[in-house]
Amino acid sequence: MRIAVLIPCYNEELTIGKVIADFRRELPDADIYVYDNNSRDRTADIARAAGAIVRREVRQGKGNVVRSMFRDIDADIYVMIDGDDTYPAEFVHDLIQPVAAGEADMSIGDRHSDGSYSSENKRPFHNFGNQFVKALINRLFRSQLRDIMTGYRVFNRRFAKTMPIQSEGFEIETEMTLHALDKRFRIIEIPIRYRDRPPGSESKLNTVSDGIRVLKTVFWIFKDYKPLAFFGTVALLFFIAGLAVGIPVITEFFASGRIAKMPSAILAVGLMVLATNSLTCGFILDTIVRNHRDNYELLQNEFKD
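Residues numbered from 1 in each chain as written. Predicted model: local features only at pLDDT ≥ 70, side-chain atom pairs only at ≥ 80, totals over all residues. Heavy atoms only, no water.

Student: So what's going on with empty space enclosed by the protein? Residues and values would help.
Tutor: If you walk through the whole model with that rule in mind, you get one cavity of 30 Å³ or more. Roughly 30 Å³ of volume is contained in the largest cavity. If you trace the largest cavity, you find it lined by Asp182, Lys183, Arg184, Arg293, Tyr296 and Glu297. For the lining of the largest cavity, the element with the most residues is helix H11 (residues 262-302), which contributes three residues. Across the lining of the largest cavity, the residue classes tally to one nonpolar, no polar and five charged. (1 Å grid on protein atoms, 1.4 Å probe; cavity = no way out; pocket = protein on both sides within 12 Å on 5 of 7 lines; lining within 4 Å. Points joined across faces, edges and corners; volume = space filled by probe spheres on them. Helix = DSSP H or I, 4+ residues; strand = E, 2+ residues; numbered from the N terminus. Nonpolar A, V, L, I, M, F, W, Y, C, P; charged D, E, K, R; others polar.)

Here it is in structure tokens:
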């Protein structure tokens, strides 16, 4: 069984050598790939000296790196890990086991179950953002996942080779989870211990900008994967607004037999037309999405492991 360890890296010279050594110790027969994403330090040189296969991705962003990794690398098991030494390598066997046994298509390193992420992570807005996105996705897909945005994951070949990656940055983890939920891939969460970056190592995450990008990803995938719910909600808002504007007009008409508030009447009709159009779009797009899922299932049947 061919195992590939995938490490996207951007300015991780302080930690990349240790990460490679830790995974070489745990998985001595695995191929370790480091994709350097335009680092301005010695990340690539240190990774190469540590025995990793080093490649470069010139398009900036973790999503772009993962897209290239999935396309370029052939393996039976893919282990994705960050290069910042926040995820202990010793948990990799627990994550590989269900995927190797055919019990899961993707296993996730759950940082939240033991409380290590909330205690080690010193950025309160990151904790809040994680919990908010998790609650939103679990409600949207009726799932019970505990860690949506972890960077410690293991995939089988089928998942890696058939996932269309649209994200460019750190929202890639959210996209992977959403894709797996929508396409009914089997997901297993494995509790792990999280540790904060060592002194001198700086996070590349920006709480506000990356949080907005993640929410945009959730919004667009909600629209694309759940169009009836999305446009049905929009239609309901237009319908309520139309009622709020139109009820006084209707009341006036029945009371006096005439309409004095003509602008309100026109606005109410316009809002009701928008509500009807939104609901119609939802039904049409829902049919298209269902056909897309059917085609994806046929693609899965033709895929050769």
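Student: Describe helix H1 (residues 16-26), listing the residues and the values that go with them.
Tutor: Of all the positions in H1, only Ile16, Val19, Ile20, Asp22, Phe23 and Glu26 are classed as buried. Each buried residue of H1 sits inside an arc of 165° when the element is viewed along its axis, so together they form one side. On its buried face, H1 is in contact with strand E1 (3-9), strand E2 (31-36), helix H2 (43-49), strand E4 (77-80) and helix H4 (92-100). (Buried < 20%, exposed > 50% of the residue type's maximum accessible area, 1.4 Å probe, protein only. Arc of directions from axis to C-beta. Contact = heavy atoms within 4.5 Å.)

Student: Tell me about a nonpolar patch on the surface, residues and numbers included.
Tutor: On the surface, a nonpolar cluster with roughly 620 Å² of combined accessible area is contributed by Ile250, Phe253, Phe254, Ile259, Met262 and Ile266. With three residues, the single largest contributor to the nonpolar patch is helix H10 (residues 227-256). With respect to the helices and strands, the residue Met262 is situated in helix H11. (Patch = residues over 30% accessible without salt bridge, like charges linked within 9 Å, V, L, I, M, F, W, Y side chains within 5 Å. Areas by Shrake-Rupley, 256 points an atom, 1.4 Å probe, with all protein chains shown as cover. Salt bridge = Lys/Arg side-chain N within 4 Å of Asp/Glu carboxyl O.)

Student: Can you break down the nonpolar core residue by residue, with the values?
Tutor: It is characteristic of soluble globular proteins that their nonpolar side chains tend to be buried jointly. Within the largest apolar cluster, 33 residues are counted, with the highest numbers of intra-cluster contacts made by Val5, Ile7, Phe23, Val34, Val79 and Tyr152. Mapped by element, the contributors of at least two residues to this core are E1, H1, E2, H2, E4 and H4. One finds Val65, Phe155, Met163 and Ala180 within the second-largest nonpolar core, a separate group that totals 24 residues. (Core = buried A, V, L, I, M, F, W, Y, C linked by side-chain atoms within 4.5 Å.)

Student: Describe the confidence of the model for the protein chain, with residues and values.
Tutor: On average, residues of the protein chain carry a pLDDT of 88, and 90% of them reach 70 or more. Element-level pLDDT for the protein chain is lowest in helix H5 (residues 116-120), with a mean of 64, against a maximum mean of 98 in E4. (pLDDT = per-residue confidence, 0-100.)

Student: For the environment of Val99, give the residues involved together with the corresponding values.
Tutor: Looking at where Val99 falls in the secondary structure, it is placed in helix H4. For Val99, a relative accessible area of 6% puts it in the buried group. Taking the C-alpha atoms as reference, Val99 lies 30 Å from Ala49; in sequence the two are 50 residues apart.

Student: Give me the layout of surface pockets: which residues, what numbers.
Tutor: Within this model, the second largest pocket holds a volume of roughly 350 Å³. For the lining of the second largest pocket, the elements supplying multiple residues, two or more each, are helix H8 (172-182) and helix H9 (207-225). Sorting elements by how many residues they give to the lining of the second largest pocket places H9 first, with seven residues. Tallied by class, the residues present in the lining of the second largest pocket amount to four nonpolar, four polar and six charged.

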